[in-house]
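Residue strings, one per chain:
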Amino acid sequence: GAGVSQSPSNKVTEKGKDVELRCDPISGHTALYWYRQRLGQGLEFLIYFQGNSAPDKSGLPSDRFSAERTGESVSTLTIQRTQQEDSAVYLCASSLTSGFTGELFFGEGSRLTVL
Amino acid sequence: EDKVVQSPLSLVVHEGDTVTLNCSYEVTNFRSLLWYKQEKKAPTFLFMLTSSGIEKKSGRLSSILDKKELFSILNITATQTGDSAVYLCAVVPRNNYGQNFVFGPGTRLSALP
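Chemist: Kindly report on the overall build of chain A, identifying the contributing residues and their values.
Modeler: When you go through chain A residue by residue, the secondary structure sums to zero helices and ten strands. For chain A, the succession of helices and strands along the chain, N to C, is β-β-β-β-β-β-β-β-β-β. Computed over its C-alpha atoms, the radius of gyration of chain A comes to 13 Å, within 12% of the 13 Å expected for a compact globule of 115 residues. With an accessible surface of roughly 5,500 Å², chain A has 45% of that area assigned to carbon and sulfur atoms. A gap of 6 Å separates the mean positions of the 11 positive and 13 negative side-chain charges of chain A.

Structure representation (structure tokens):
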């Protein structure tokens, strides 16, 4: 596709359930980022993938959060045993390389609501 | 801890007005400052600023950085209803990875007809 694609766009789940969020970056983009945006707040960095290098997981808030990426393609963010404070929009972004241009291309996000 | 503060947090203007959005920051070893526009969900890139005093301009939008006073402003002239959005400011620390963008809370601009 032409842009970053995320699914599902909306997810409502019960506390304690696991959820998986998917991100399809722009073809050819080697860098992929996950951010969390709580209502009315800025973007909170979660994790960064660059090619086949070890990911930077320094932003993951707890061990309930994990993410995977196969090569330079799709990434999945998994939240286990969801809590109400996990409710947020989860944004994925990609860029051509880690060489810095400032231009991240964002997806439309996955809105997670934990009841 | 790296930090970005934006003001005002929300702003209501009328079409034709000129607005100034503020971003101040604290960052260890500054690399660059970015502005994004977020209309619905996906932020879109506006500007990247790395040097003080050099204005970046795109149509009715312009931005400038002051690295001594640690702030940036985003100006919008002749505001239109389509400018209504959340404007996000982010700084990038110079570190080994360069990928950890620190975002501010955003300024929500509402431009009324």
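Still more ground to cover, so stick around.
Chemist: Report on the layout of surface pockets, specifying residues and quantitative values.
Modeler: Counted as a void, the largest pocket has a volume near 490 Å³. Considering the residues around the largest pocket, the lining is formed by 26 residues, among which Gln-37, Leu-39 and Gly-40 of chain A together with Gln-38 and Arg-108 of chain B are closest to the centre. Counting residues per element, the ones that place at least two in the lining of the largest pocket are β8 (88-95) and β10 (110-114) of chain A together with β9 (85-93) and β11 (107-112) of chain B. Broken down by element, the lining of the largest pocket gets its largest block of residues, four residues, from β11 of chain B. Classifying every residue of the lining of the largest pocket gives ten nonpolar, ten polar and six charged. Around the second largest pocket, the lining is made up of 14 residues, and of these Glu-1, Asp-2, Lys-3, Val-102 and Phe-103 of chain B lie nearest the centre. Those elements that provide at least two residues to the lining of the second largest pocket are β5 (43-50) of chain A together with β1 (3-7) and β10 (102-103) of chain B. Residues that form the lining of the second largest pocket fall into these classes: seven nonpolar, four polar and three charged.

Chemist: Explain the interface of chain B and chain A residue by residue, including any values.
Modeler: Taken residue by residue, the interface counts 20 residues in chain B and 23 residues in chain A. Inspection of the region where chain B meets chain A yields zero salt bridges. Our enumeration of links across chain B and chain A arrives at two residue pairs in polar contact (both at pLDDT 80 or more). Sorting the residues of the side of chain B that touches chain A by element identifies β4 (30-38), β5 (43-49) and β9 of chain B as the ones contributing at least two each. The dominant element in the side of chain B that touches chain A, judged by the number of residues it contributes, is β4 of chain B, at five residues. Each residue belonging to the side of chain B that touches chain A can be placed in one class, and the counts come to twelve nonpolar, six polar and two charged.

Chemist: Break down the pattern of salt bridges for me, with residues and values.
Modeler: All names here are of chain A. One pass over the structure, following the stated rule, counts five salt bridges over all chains. A salt bridge links Glu-44 to Arg-36; the shortest N-O distance between them is 3.0 Å. Residue Glu-44 is classed as partly exposed on the basis of its relative accessible area of 28%. Taking relative accessible area as the criterion, Arg-36 reaches 3% and is therefore assigned buried. Of the charged contacts in the structure, one is a salt bridge between Asp-86 and Arg-64, with a shortest N-O distance of 2.8 Å. Of the two residues, Asp-86 is situated in the loop between β7 (75-79) and β8 and Arg-64 in the loop between β5 and β6 (65-69); the sequence distance between them amounts to 22 residues.

Chemist: Now, about the environment of Val-86 of chain B: what can you tell me, with residues and values included?
Modeler: Residues and elements named next belong to chain B. Inspection of the secondary structure puts Val-86 in strand β9. Among the residues examined, Val-86 registers a relative accessible area of 11% and is labelled buried. Taking the C-alpha atoms as reference points, Val-86 and Thr-107, 21 residues apart in sequence, are found 5.3 Å from one another. Apart from residues lying up to four places away in sequence, Val-86 is in contact with Tyr-36, Lys-37, Gln-38, Gly-106, Thr-107 and Arg-108.

Chemist: Just give me the short version of the packing of aromatic side chains, but keep the residues and values in it.
Modeler: This structure, assessed with the given rule, holds eleven aromatic pairs over all chains. Ring centres of Tyr-25 of chain B and Phe-30 of chain B lie 5.1 Å apart, and the angle between their planes is 25 degrees; this geometry places the pair in the stacked category. Grouping residues by exposure puts Tyr-25 of chain B and Phe-30 of chain B together as buried. Three or more aromatic residues joined by ring pairs make a cluster, and in this case those are Tyr-33, Tyr-35, Phe-45, Tyr-48 and Phe-106 of chain A together with Tyr-36, Phe-45, Phe-101 and Phe-103 of chain B.

What counts as what
Residues numbered from 1 in each chain as written. Chains lettered and ligands numbered in written order. Predicted model: local features only at pLDDT ≥ 70, side-chain atom pairs only at ≥ 80, totals over all residues. Heavy atoms only, no water. Helix = DSSP H or I, 4+ residues; strand = E, 2+ residues; numbered from the N terminus. Rg over C-alpha atoms; globule rule 2.2 N^0.38 Å. Areas by Shrake-Rupley, 256 points an atom, 1.4 Å probe, with all protein chains shown as cover. Lys, Arg positive; Asp, Glu negative; His and termini not counted. Charge placed at Lys NZ, Arg CZ, Asp CG, Glu CD. 1 Å grid on protein atoms, 1.4 Å probe; cavity = no way out; pocket = protein on both sides within 12 Å on 5 of 7 lines; lining within 4 Å. Points joined across faces, edges and corners; volume = space filled by probe spheres on them. Nonpolar A, V, L, I, M, F, W, Y, C, P; charged D, E, K, R; others polar. Contact = heavy atoms within 4.5 Å. Salt bridge = Lys/Arg side-chain N within 4 Å of Asp/Glu carboxyl O. Polar contact = N/O pair within 3.5 Å; in protein donor to acceptor, adjacent residues only side chain to side chain. Buried < 20%, exposed > 50% of the residue type's maximum accessible area, 1.4 Å probe, protein only. Phe/Tyr/Trp six-rings, centres within 6.5 Å; stacked < 30°, edge-to-face > 60°.

Read these as geometric descriptors, not functional statements.
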